[in-house]
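# Geometric and topological summary
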Amino acid sequence: MHSISQLGIKKNSELGISLIVAIMIVTLFTSLILVMATQHWANTNMNALSASQGKAFYLAESGVDYSIRNSMVTGAWDWSGTINLNGENIDIVSTEVGDDSVTIVATGQSANLAARQNSILINKQDLREKPIYVSGSLIGFVGGDPTNFNFNQSTIPAMNIDSMRTVSQAQGYYHAGNYTINSNELPTSFWSDPLDLSKDASIVFVEGNLTIRGSNTEIYGIYVVFGTIKFQSNGEVQGVIFMANSTAKQIWATGSNIDRIVYGGLVGNGKIMSTPPNFNLTCYIDDDYITKFYTYASDLSSVVQLERLSWQNAY
């Protein structure tokens, strides 16, 4: 007959308890490792998502900035398209609202993980849409579209006068003093090269006063005038007259029953005296002429003046 001693039972019991404790310790450490690994994985993915969201936000904001710059250069505010920035696509929709507002919606997506959409409403004043933009007042009446006529403006865009003078001298249209046009004289076109609109416009630079005479005189080009402008005959202006002197000058007529039509623009520091029936002045905008004129501006932001009215971020 076998007998079991109390000592043997005690040893077996201690071994069993030790095994259970060991298993519990291993299980605890295994669980802890799994929890830590899971947390690390979650944090890594959350950080990646957060980084992607931040990148998507800045992509969308870059799309807004790109849209504004593109529209300022091209003059087109109503358009849509997709641009690629460092391998990421940005969808842009620019929409004109009335005559003086634009909404821009830009959507950027980063690595197909996160997308952000930035929407802004801006108020714009694009002087390339203004056939008359002068610092002085109007005495009398000017025919055309008065909703786009701007008088008494406190700030006139700074133009690159030296560059325009240099171009005029090279073309042979520079006048150091007063200049009188007696008939249809050179230039006979607005463009120095009518077949290439990227070339310089014809620039007539007058340091003194400009007088236009001759029956039904038609003149072309950009006229940069530091003195007064006097019309003494009927006819047309195919281009832009720029009153360049910072001290206000004037455009007016001497004589009677003078009809003058400007296809382009009247810009600068001065007032306009148009008092029918002695002087009937009419002004219509010409997009090509006025846009070319403002390419000689010192700063495009002074030509296209913007103000953000509202901003919203989505997703």
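About the criteria used
Residues numbered from 1 in each chain as written. Predicted model: local features only at pLDDT ≥ 70, side-chain atom pairs only at ≥ 80, totals over all residues. Heavy atoms only, no water. Pairing = 2+ DSSP bridges. Helix = DSSP H or I, 4+ residues; strand = E, 2+ residues; numbered from the N terminus. Axes fitted to C-alpha atoms, helices over the stretch in contact; angles between N-to-C directions. Buried < 20%, exposed > 50% of the residue type's maximum accessible area, 1.4 Å probe, protein only. Polar contact = N/O pair within 3.5 Å; in protein donor to acceptor, adjacent residues only side chain to side chain. Contact = heavy atoms within 4.5 Å. Arc of directions from axis to C-beta. Phe/Tyr/Trp six-rings, centres within 6.5 Å; stacked < 30°, edge-to-face > 60°. Salt bridge = Lys/Arg side-chain N within 4 Å of Asp/Glu carboxyl O. pLDDT = per-residue confidence, 0-100.

Next up on the list: the sheet that holds strand 3 (residues 101-110). Taken in spatial order, the 5 strands of this open sheet run 1-2-3-4-20, and their pairing is antiparallel. Edge positions in the sheet fall to strand 1 (79-85) and strand 20 (304-314), since each has one partner strand and no second. Strand-to-strand twist across the sheet, computed as the mean angle between neighbouring axes with direction ignored, equals 20°. Bridging between strand 2 (residues 88-97) and strand 3 involves 8 bridges; their strand directions are antiparallel. Considered in strand 3, the bridge of Thr 95 is made with Thr 103.

Relative to the elements of secondary structure, Asp 126 occurs in strand 4 (residues 114-126). Exposure remark for Asp 126: the relative accessible area of 2% places this residue in the buried category. A distance of 3.0 Å separates a polar atom in the side chain of Asp 126 from a polar atom in the side chain of Arg 128. Aside from chain neighbours lying at most four places away, what touches Asp 126 is Gly 75, Trp 77, Val 303 and Val 304.

Okay, helix 2 (residues 161-171) next. Among all positions in helix 2, only Ile 161, Met 164, Arg 165, Val 167 and Ser 168 are buried. Down the axis of helix 2, the smallest arc covering the buried residues is 165°, so these residues share one side. Across from the buried face of helix 2, at angles greater than 90 degrees, the exposed residues are Asp 162 and Ala 170. In this fold, the buried residues of helix 2 make contact with strand 9 (174-175), strand 11 (203-206), strand 13 (217-225), strand 15 (235-243) and helix 3 (287-294). Positive phi shows up at Gly 172, right after helix 2, with a value of about 85°.

So, on to the packing of aromatic side chains. Evaluation of the coordinates by the stated rule reveals 10 aromatic pairs. Judged by centre distance (5.8 Å) and plane angle (35°), the rings of Tyr 174 and Phe 205 are tilted. Placement of Tyr 174 in strand 9 and of Phe 205 in strand 11 is noted, with a sequence separation of 31 residues between them. Residue Phe 205 is classed as buried on the basis of its relative accessible area, which comes to 0%. Their ring planes at 20° and their centres at 5.7 Å tell us that Tyr 263 and Tyr 284 sit as a pair that is stacked. Here Tyr 263, found in strand 17 (residues 258-268), pairs with Tyr 284, found in strand 19 (residues 279-285); they are 21 residues apart in sequence, far enough to count as distant. Overall, the relative accessible area of 38% leaves Tyr 284 in the partly exposed class. One aromatic cluster is present, built from ring pairs that chain together Phe 57, Tyr 58 and Trp 311.

Our next topic: unusual backbone geometry. Glycine aside, negative phi is the norm for most residues, and most peptide bonds take the trans geometry. At the junction of Leu 186 and Pro 187, the peptide bond is cis and its omega measures out at 0° in the coordinates. Inspection of the secondary structure puts Pro 187 in the loop between strand 10 (179-181) and strand 11. The omega torsion of the bond from Pro 276 to Pro 277 falls at 5°, within 30 degrees of zero and hence cis. With respect to the helices, strands and loops of the structure, Pro 277 is situated in the loop between strand 18 (270-274) and strand 19. In this model, Asn 257 sits at a positive phi of 55°, which is unusual for a non-glycine residue. Along the chain, Asn 257 turns up in the loop between strand 16 (249-253) and strand 17.

Looking now at the pairing of strand 3. Where burial is concerned, most of strand 3 is hidden: 7 out of the 10 residues are buried. Connecting strand 2 to the next strand, strand 3, in antiparallel fashion are 3 residues, including Gly 98 with a positive phi near 70°. Looking at chain direction, strand 3 and strand 4 are connected through 10 bridges and run antiparallel. By the bridge assignment for strand 4, Ala 106 is matched with Asn 118.

Considered for burial, the residues of helix 3 that qualify are Tyr 289, Ile 290, Lys 292, Phe 293 and Tyr 294. Residues of helix 3 that are buried sit in contact with helix 2, strand 13, strand 15, strand 17 and strand 19. Where helix 3 begins, one side-chain oxygen reaches toward the backbone nitrogen of Asp 288, 3.1 Å away; that side chain belongs to Asp 286.

Attention now moves to the pattern of salt bridges. Taken as a whole and judged by the stated rule, the model has 8 salt bridges. The shortest N-O distance in the salt bridge between Asp 65 and Arg 308 comes to 3.6 Å. Placement of the pair is Asp 65 in helix 1 (residues 6-74) and Arg 308 in strand 20, with a sequence separation of 243 residues. With a shortest N-O distance of 3.0 Å, Arg 165 and Glu 207 are connected by a salt bridge. In this pair, Arg 165 is assigned in helix 2 and Glu 207 in the loop between strand 11 and strand 12 (210-212), connecting sequence segments 42 residues apart.

Confidence in the prediction for the protein chain averages 84 pLDDT; 83% of positions are at 70 or higher. Counting contacts from residues 40-49, a segment whose pLDDT is below 50, to residues more than four positions away or on other chains yields 2 contacts.

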